[in-house]
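Chain residues, written in single-letter form:
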Amino acid sequence: MHRVSDEGTQMPEIVPRRTRPGGTDRAHGIFLVAVTLMTVLLCESGHARQAGEFQQTVKKPLLVGRISHVEGTLLRFVSELDDWVLSPADTPFALFDALYSDRDSRVELKIPGNIQVRTGGSTQIQAIALNGDLAFVDVASGVACFHNRSVKTLVKASTPFGFVVASPDVSFDLYVGDHALEILVLAGRVEFIHEAGHMKYGIAAGPLSLIADRERVRVGSAEIDRRWDEWDREREGFWAERTRSGGLSAKCLPADFSEDACILEGYGRWEKVYYEGDYRLFWRPAADAGSGWAPFTAGRWTVYYGDHCWVPCEPFGYVTHHYGNWVQVGPAWFWAPPADASGEETRGSLSAVGPEWYPGRVAWIASSNRAGWVPLAPLEPYYTHVPWGPRSIPIGDAPLINIDSRRYRFINGAVTVDSGSFYGAKNYAAAGFRSASRNSRSAGFHVAPFVNEMVIPGFSSRKEKYEFSSTYAGRRPHRKTVDKILFNYGMAVQASDLSAVSIMQQIDSAEPGPVLPALKALPVELTDRMVSPAEVDLPEERVRFMKAPLKTGSGGMVRRPGGPGPQRETTPATRSRNNAKPEVVR
């Protein structure tokens, strides 16, 4: 039985569509009690099962981000397992998802709306709300850099010491330690609401930072962590280069997919194909030139939000298997890109499939010892547990499902694998998949709308179905980290109706707080919670955690041309940093 500690679970006040006066404190208190009871119930009645049920309550399409880059070890908390699993690059990041990076690891996340978040070692981050105008994540510990390049999305980053709000065109570093945090603004201006007293502080890019512990807020000297700064610049340059070299793919993809254009250019070509009564420009992978290639073969399946999600091995696999549609013309497979966010078709898109993310649009077939899948044509129904986008049908909305496999347009392109190795394979292309033709149906194949016991024997008890990698994670975060995750589940449920407007109302109604004299350095250490499997459930006092300064690179300040006082260096080819004078709201 796991109890929730009071430490680190003070939630910033959320005032939806009203200001604090006039009964809000009472409503806020009721909500805190409700969340606390919910969290205790999660712990005492089996939080793995209960947390999984949170996901099943989703009734509207989710916005899904992406883990775009991983250096080192990144783990994902899986509520159904009550455990952490390795999470490689090109895997999703959406509502409820919680990640923890091992020390010396570096991770990059892409959040819908053109928002990038980069995290360092010993960092715990979780998605609380992702919608059209708000990206709300919790940073329980570690280092994170936020780049908000959206048009209208507000970024909210909560911490144990308060939360940070950043409008579009704002970038900032966030260092969250055991007893304090530091906010260092790179471009624009952020607002900070301190947990103690809910007072507000604003700071703009420049030579000063904001340092807050549980009781007070100070001005800091904005010393940089050079190693972290250099890596962030390196990633900025990487994406800038990819965007510049898009070729024909940049013209065929929606604007939101411009960073994937370079990958498509390097691993395939666009061809004019006659399909559905018209000539369309589809993309064909170079791998298709070899015999036997098919979509949904170079990678593996895992269960995500109750549905089977594709984890690709190919560099082009993420964008082509989670967006748009695969179509078979003759013996060859082509990818049709999605429509753009306005619903207008791109040069090769099919309007039946919009810009939404899908776990993997396939139907399922099985025999006594083999499991397989059929890529779905654009208009064919996609049966799911939660709504994803057009043509997806949640199972609860279709109680009677009668499927005739002869209606699947690409049934001849179905592939099968041995059902016993369905979850154990790292890559089905290397595990011996084979085609299943119409004739194979007479040999005992049947169709299923989704994976169940008839497709994978023992499906309900197969724990490995939740793994995103076939590699075992040796070190894991200590049990203490799960307390915060469970608390955030309750906060995410409450935040489902939260909007950018209500966040700004809360900031407007907050009183300016007093700022204490500046500190020359950040006097904070960070505890690395990664431990051996034998230590995961031990009491904290029996575990020898490693501690390290939040900033591990060589510090220092440099003077930037045109800017007053000590500031960061600039690299024109990478990112632009605001030269505005620092401002602290008093």
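Definitions and limits used
Residues numbered from 1 in each chain as written. Predicted model: local features only at pLDDT ≥ 70, side-chain atom pairs only at ≥ 80, totals over all residues. Heavy atoms only, no water. Helix = DSSP H or I, 4+ residues; strand = E, 2+ residues; numbered from the N terminus. Buried < 20%, exposed > 50% of the residue type's maximum accessible area, 1.4 Å probe, protein only. Arc of directions from axis to C-beta. Contact = heavy atoms within 4.5 Å. Phe/Tyr/Trp six-rings, centres within 6.5 Å; stacked < 30°, edge-to-face > 60°. Core = buried A, V, L, I, M, F, W, Y, C linked by side-chain atoms within 4.5 Å. Lys, Arg positive; Asp, Glu negative; His and termini not counted. Salt bridge = Lys/Arg side-chain N within 4 Å of Asp/Glu carboxyl O. Polar contact = N/O pair within 3.5 Å; in protein donor to acceptor, adjacent residues only side chain to side chain. Pairing = 2+ DSSP bridges. pLDDT = per-residue confidence, 0-100.

Topic: the overall build of the chain
When helices and strands are counted, the chain shows 9 helices and 37 strands. For the chain, the residues scored as buried account for 58% of the 586 residues in total.

Things to note about helix α9 (residues 500-509)
Residue pairs spaced three or four apart in an α-helix point in one direction, given the helix's 3.6 residues per turn. Listed in full, the buried residues belonging to α9 are A500, S502, I503, Q506 and I507. Around the axis of α9, the buried residues are gathered within 170° of arc, so they sit on the same side. For α9, the secondary structure elements touched by its buried residues are β9 (134-148), β10 (154-159), β11 (162-166), β14 (189-194) and β15 (200-204).

Section: the packing of aromatic side chains
A complete count under the given rule lists 35 aromatic pairs for this structure. Where Y305 meets W388, the ring centres are 6.0 Å apart and the plane angle is 80°; that geometry is what we call edge-to-face. Separated by 83 residues along the polypeptide, Y305 in the loop between β20 (299-304) and β21 (307-312) and W388 in the loop between β26 (382-384) and β27 (392-394) bring together distant segments of the chain. Its relative accessible area of 2% is what places Y305 among the buried residues. For W388, a relative accessible area of 0% gives the class buried.

Thoughts on unusual backbone geometry
Phi angles above zero are rare outside glycine, and N114 is one such case at about 70°. Here N114 lies in the loop between β6 (106-111) and β7 (115-119). The phi dihedral of R391 falls on the positive side, at around 75°, and the residue is not glycine. Looking at the element boundaries, R391 is found in the loop between β26 and β27.

Quick notes on the nonpolar core
In terms of nonpolar packing, the biggest core is built from 104 residues, with W301, W373, W388 and F422 touching the most fellow members. Top element by residues in this core is helix α8 (residues 480-494). It accounts for 7 residues. Excluding anything up to four places from it in sequence, W388 contacts P61, L62, V64, Y304, Y305, D307, E356, W357, Y358, P359 and Y382. Residues L99, A127, V139 and I183 belong to the second largest nonpolar core, which totals 39 residues.

Some thoughts on the side chain of R361
On the secondary structure map, R361 appears in the loop between β23 (332-336) and β24 (362-366). Of the side chains with opposite charge, E380 lies nearest to the buried R361, which makes no salt bridge, at 6.6 Å. There is a polar contact of 3.1 Å between the side chain of R361 and the backbone oxygen of E380. The contacts of R361, once residues within four sequence positions are left out, are F296, N325, V353, V374, P375, L376, A377, P378, E380, Y382 and R391.

Re the pairing of strand β5 (residues 98-101)
Along β5, one buried face is formed by A98 and Y100 and the opposite face, lined by L99 and S101, is buried too. Strand direction decides the pairing type here: strand β2 (residues 74-78) and β5, joined by 3 bridges, are antiparallel. Bridged to L74 within β5 is S101.

Some words on the confidence of the model for the chain
In this model, the chain carries an average pLDDT of 80, and 77% of its residues clear a pLDDT of 70 or more. Here residues 438-442 scores under 50 on pLDDT; set against residues more than four positions off or in separate chains, the count is 9 contacts. The low-confidence segment residues 558-586 (pLDDT under 50) makes 87 contacts with residues lying over four places distant or belonging to another chain.

Re the environment of V451
Relative to the assigned elements, V451 resides in the loop between β30 (446-448) and β31 (476-477). In sequence terms V451 and D307 are 144 residues apart; their C-alpha atoms lie 8.3 Å from each other. When near neighbours in sequence (up to four residues on either side) are disregarded, V451 contacts H308, W364, Y423, I456 and F459.

Focus on the pattern of salt bridges
All told, the structure shown has 30 salt bridges when counted by the stated rule. Between R118 and E108 there is a salt bridge; the shortest N-O distance is 2.8 Å. Of this pair, R118 sits in strand β7 while E108 sits in strand β6, and the two are 10 residues apart along the sequence. Exposure class is identical for R118 and E108. Each is buried. Linked by salt bridges that have partners in common, E108, R118, R149, D232, R235 and E236 make up one network.

Things to note about the pairing of strand β1 (residues 65-71)
By the criterion of burial, β1 is predominantly enclosed, with 5 of the 7 residues buried. For β1 and strand β4 (residues 91-93), the ladder comprises 3 bridges, and the chain directions are antiparallel. Opposite I67, over in β4, you have T91 as the bridge partner.

A few points about the side chain of K465
Within the element layout of this structure, K465 appears in the loop between β30 and β31. Polar contacts involving the side chain of K465 include one to the main-chain carbonyl oxygen of F459, which spans 3.0 Å. Contacts of K465, omitting those with residues within four sequence positions, involve T302, V303, Y423, F459 and S460.

Things to note about the environment of I503
Within the secondary structure layout, I503 lies in helix α9. Looking at I503, the relative accessible area reads 0%, which means it is buried. Distance from I503 to L154, taken between C-alpha atoms, is 8.7 Å for residues 349 residues apart in sequence.

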